Amino acid sequence: MVVGRGSFVEAFPLFGLDLDDYESLFTEKLDLLLLLRKKTHVNWSGRHRPALTGQGVYPRPIQEPLPVWLGVGGTPESFARAGMLGLPLMVAIIGGEPHRFRPLVDLYRQAGAKAGHDPQELKVGVHALGYVAQTDDEAAADFFPGYARAFTEIGRERGWPPVTRAQFEALRGPTGALIVGDPDSAARKVLSYSKSLGGISRLSFQMSVAGLPHQKMLRSIELIGSRVAPLVRSDQSVGSV
């Protein structure tokens, strides 16, 4: 389970909660979640929901404890919080250059060590935009139209200029955030992410942003599993793709 601040922005208005209380809402909900994964019967009270007075929470997870990763963007406080809680970190990197996140990842590890957590438990994962095809040119040709359409639309809401092919190609380059290419170049990019961030244990691809046909998505998943993942694991720098 990945718990991130963005998911609360999307969900809370449905229930009439005030986003001016964003920070306290997120902190309270996260604290309650971590308590619920420890105990079946919980006594708890907070500001933003009715108290729990010993109610049982079912079904219980098979995993012990239920894996919870804290999803973060670029807020230092979020990285430090994950470290203090000893939670695995999932960093969303959808643009720019991954190495720029290294100071924040270091902050996470430092906060975790200061709080007394085992460094081996302070895992770092990455959520990135990616797509794998048989060749680099095919991957770029498949991915760019939908990617440009989606981020140009988002840009209208946030004051960004339209996406250009030159920007896209820069992000596909060796230091850019996009993992879009053939299996060999995708594996190199994953390993570059790991090196830039001081070692990662997981990386997830988000392909849906490009609105790709179902068969192309299936083929990409096949290539990630059959060719990219073995190349990455043979380097022993990351745990899983």
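Everything quoted here is computed from the prediction, not taken from an experiment.

K.L.:
Please explain the packing of helix 7 (residues 183–196) against helix 8 (residues 214–235) as it appears in this structure.
P.N.:
Each pair of packed helices gets described by two things: the angle between the helix axes and the distance between those axes. With their axes 9 Å apart at the nearest point, helix 7 and helix 8 run at an angle of 45° to one another. Here helix 7 is positioned oblique relative to helix 8, judged by the angle of their axes. Between helix 7 and helix 8 the crossing geometry is right-handed. Together, P183, D184, A186, A187, V190 and L191 of helix 7 and L223, R227, V228, L231, V232 and D235 of helix 8 make up the contact between the two elements. When the residues that make up the contact of helix 7 with helix 8 are grouped by side-chain class, the tally is nine nonpolar, no polar and three charged.

K.L.:
What's the story with the pattern of salt bridges in this structure? I'm lost.
P.N.:
Applying the stated rule across the entire model yields eight salt bridges. Taking the shortest distance from any N to any O, the salt bridge between D142 and K216 comes out at 3.4 Å. Here D142 is found in helix 5 (residues 136–158), whereas its partner K216 is found in helix 8, with 74 residues between them in sequence. The class for K216 is partly exposed, based on a relative accessible area of 31%. A salt bridge links E169 to R172; the shortest N-O distance between them is 2.9 Å. On the criterion of helical spacing, the pair formed by E169 and R172 is a turn pair, its members being three residues apart in helix 6 (residues 165–172). Among the charged side chains, a network of salt bridges with common partners joins R165, E169 and R172.

K.L.:
Please clarify how the packing of aromatic side chains should be interpreted in this entry.
P.N.:
Aromatic ring pairs are defined here through the distance separating the ring centres and the angle between the ring planes. Counted according to the given criterion, the structure contains six aromatic pairs. Look at Y131 and F143: their rings are 6.1 Å apart centre to centre, the planes differ by 20°, and that puts the pair in the stacked class. Here the residue Y131 occupies a position in strand 6 (residues 124–132), and F143 occupies one in helix 5, the gap between them amounting to 12 residues. Here Y131 and F143 have matching classes, each one buried.

K.L.:
Where do I start with the environment of Q206 in this structure?
P.N.:
Along the chain, the position of Q206 falls in strand 8 (residues 202–206). As a C-alpha pair, Q206 and I94 span 112 residues in sequence and 9.3 Å in three-dimensional space. The residues contacting Q206, other than those within four sequence positions of it, are H127, A128, L129 and G130. Polar side-chain contacts of Q206 include one of 2.9 Å to the side chain of H127.

Rules of the game
- Residues numbered from 1 in each chain as written.
- Predicted model: local features only at pLDDT ≥ 70, side-chain atom pairs only at ≥ 80, totals over all residues.
- Heavy atoms only, no water.
- Axes fitted to C-alpha atoms, helices over the stretch in contact; angles between N-to-C directions.
- Helix = DSSP H or I, 4+ residues; strand = E, 2+ residues; numbered from the N terminus.
- Parallel < 35°, antiparallel > 145°, perpendicular 65-115°, else oblique.
- Left-handed = near helix turned anticlockwise from the far one by under 90°.
- Contact = heavy atoms within 4.5 Å.
- Nonpolar A, V, L, I, M, F, W, Y, C, P; charged D, E, K, R; others polar.
- Salt bridge = Lys/Arg side-chain N within 4 Å of Asp/Glu carboxyl O.
- Buried < 20%, exposed > 50% of the residue type's maximum accessible area, 1.4 Å probe, protein only.
- Phe/Tyr/Trp six-rings, centres within 6.5 Å; stacked < 30°, edge-to-face > 60°.
- Polar contact = N/O pair within 3.5 Å; in protein donor to acceptor, adjacent residues only side chain to side chain.

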